[in-house]
Amino acid sequence: MHPALPEEVALDERDGRYLRQAIALADTARSRGNRPFGAVIVAPDGSVMAQAWNANGETGDCTAHAETSAVRLASPRFSREELAGATLYSSGEPCVMCAGAIFWANIGRVVYGIDAVRLRGFRGERLDQRDAELSCRDVFTASTHPIECVGPALIEESSASHVGAWKV
Ligand SMILES: [Zn+2]
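A short tour of the structure in this document, coming up. Remember, predicted model here, so these are calculated numbers, not experimental data.

Calculation rules
Residues numbered from 1 in each chain as written. Predicted model: local features only at pLDDT ≥ 70, side-chain atom pairs only at ≥ 80, totals over all residues. Heavy atoms only, no water. Donors = N, O, S within 2.8 Å, 3.2 Å for Na, K, Ca; no water. Helix = DSSP H or I, 4+ residues; strand = E, 2+ residues; numbered from the N terminus. Buried < 20%, exposed > 50% of the residue type's maximum accessible area, 1.4 Å probe, protein only. Pairing = 2+ DSSP bridges. Axes fitted to C-alpha atoms, helices over the stretch in contact; angles between N-to-C directions. Phe/Tyr/Trp six-rings, centres within 6.5 Å; stacked < 30°, edge-to-face > 60°. Lys NZ or Arg CZ within 6 Å of the ring centre and 35° of its normal. Contact = heavy atoms within 4.5 Å. Parallel < 35°, antiparallel > 145°, perpendicular 65-115°, else oblique. Left-handed = near helix turned anticlockwise from the far one by under 90°. Nonpolar A, V, L, I, M, F, W, Y, C, P; charged D, E, K, R; others polar.

At 2.1 to 2.3 Å from the zinc ion lie its protein donor atoms, namely H65 (ND1), C95 (SG) and C98 (SG). Coordination of the zinc ion draws on donor residues from a single chain, spaced H-x29-C-x2-C in sequence. In this pair, H65 is assigned in the loop between α2 (56-59) and α3 (66-74) and C95 in the loop between β3 (87-92) and α5 (96-105), connecting sequence segments 30 residues apart. Residue C95 is classed as partly exposed on the basis of its relative accessible area, which comes to 29%.

Structure representation (structure tokens):
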């Protein structure tokens, strides 16, 4: 039995613009031989605090996910207070490692594209195993400070980076 797929969330113009920037970075990641994921951290005034793409393939570092790499760039440069007002845009739903990095950075808001359930479809895994894995929301819900989590959004656009990208 297939579980219901998560419903798409509508974004305003600003959120859509930055999520599309993250999706463009996912395409950059893929063109360089990595898994297709990108992330952008944006301040309340709209300035980009950090951005990164997944670099697993080009570095061999299994922790080089886009979101964790973006946090690694932003964290030394900005205070926890500044990061509390920031939004991290990710082309795909963050994994628990990245959710942990977002928690430690004190980033207050996350907007993501394709969800983990649909991603499993691209990876050729069974869609009904969603309960076997923790989600980023499990981490954010357990957080001692509030972390708003918005997604999935722009599913069609964020899915496009994954078409044919997971053949083994
Ligand atoms: Zn991750």
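Back to the text.
Read across the sheet, five strands follow the order β2-β1-β3-β4-β5 without closing on themselves; strand pairing throughout is mixed. The sheet is open, and its two borders are formed by β2 (48-53) and β5 (148-150), each paired with just one other strand. Between one strand and the next, the sheet's axes are offset by a mean angle of 15°, whatever the strand orientation. Relative to β3, strand β1 (residues 38-42) runs antiparallel, the two being bridged by four bridges.

Now for the packing of aromatic side chains. The description of an aromatic ring pair uses the distance of the two centres, along with the angle that the planes make with each other. For the structure shown, the criterion picks out three aromatic pairs. Between F37 and W166, the ring centres sit 6.2 Å apart and the planes meet at 70°, which makes this aromatic pair edge-to-face. Taken together, the positions of F37 in the loop between α1 (13-31) and β1 and W166 in the segment after α8 (155-160) put the pair 129 residues apart, joining distant regions of the chain. No difference in accessibility class separates F37 from W166, as the two residues are buried. Positioned above the aromatic ring of Y18 is the side chain of R17, whose terminal nitrogen or guanidinium carbon lies 5.1 Å from the ring centre. Taking NZ or CZ as reference, R123 lies 5.8 Å from the ring centre of W166, over its face.

As a further point, take the pairing of β2. Pairing analysis gives five bridges linking β1 to β2, with the strands arranged antiparallel. Bridged to V40 within β2 is Q51. The turn joining β1 and β2, which pair antiparallel and follow one another in sequence, is formed by five residues; a positive phi near 90° is taken by G46.

Another point: α5. Burial analysis of α5 places seven of its 10 residues in the buried class, the great majority of the element. Listed in full, the buried residues belonging to α5 are C98, A99, G100, A101, I102, F103 and A105. Each element contacted by the buried residues of α5 is listed here: α3, α4 (80-84), β3, β4 (109-114) and α7 (136-141). Backbone geometry just downstream of α5 places N106 in the positive-phi region, at approximately 70°.

On to the environment of S75. Secondary-structure assignment places S75 in the loop between α3 and α4. Taking the C-alpha atoms as reference points, S75 and I102, separated by 27 residues in sequence, lie 9.7 Å from one another.

What follows covers the packing of α3 against α5. Relative to each other, α3 and α5 sit at 20°, their axes nearing to 8 Å. One finds that α3 runs roughly parallel with respect to α5. Relative to α5, the crossing made by α3 is left-handed. Contacts from E67, T68 and V71 in α3 reach M97, C98, A101, I102 and A105 in α5. Across the contact of α3 with α5, the residue classes break down as six nonpolar, one polar and one charged.

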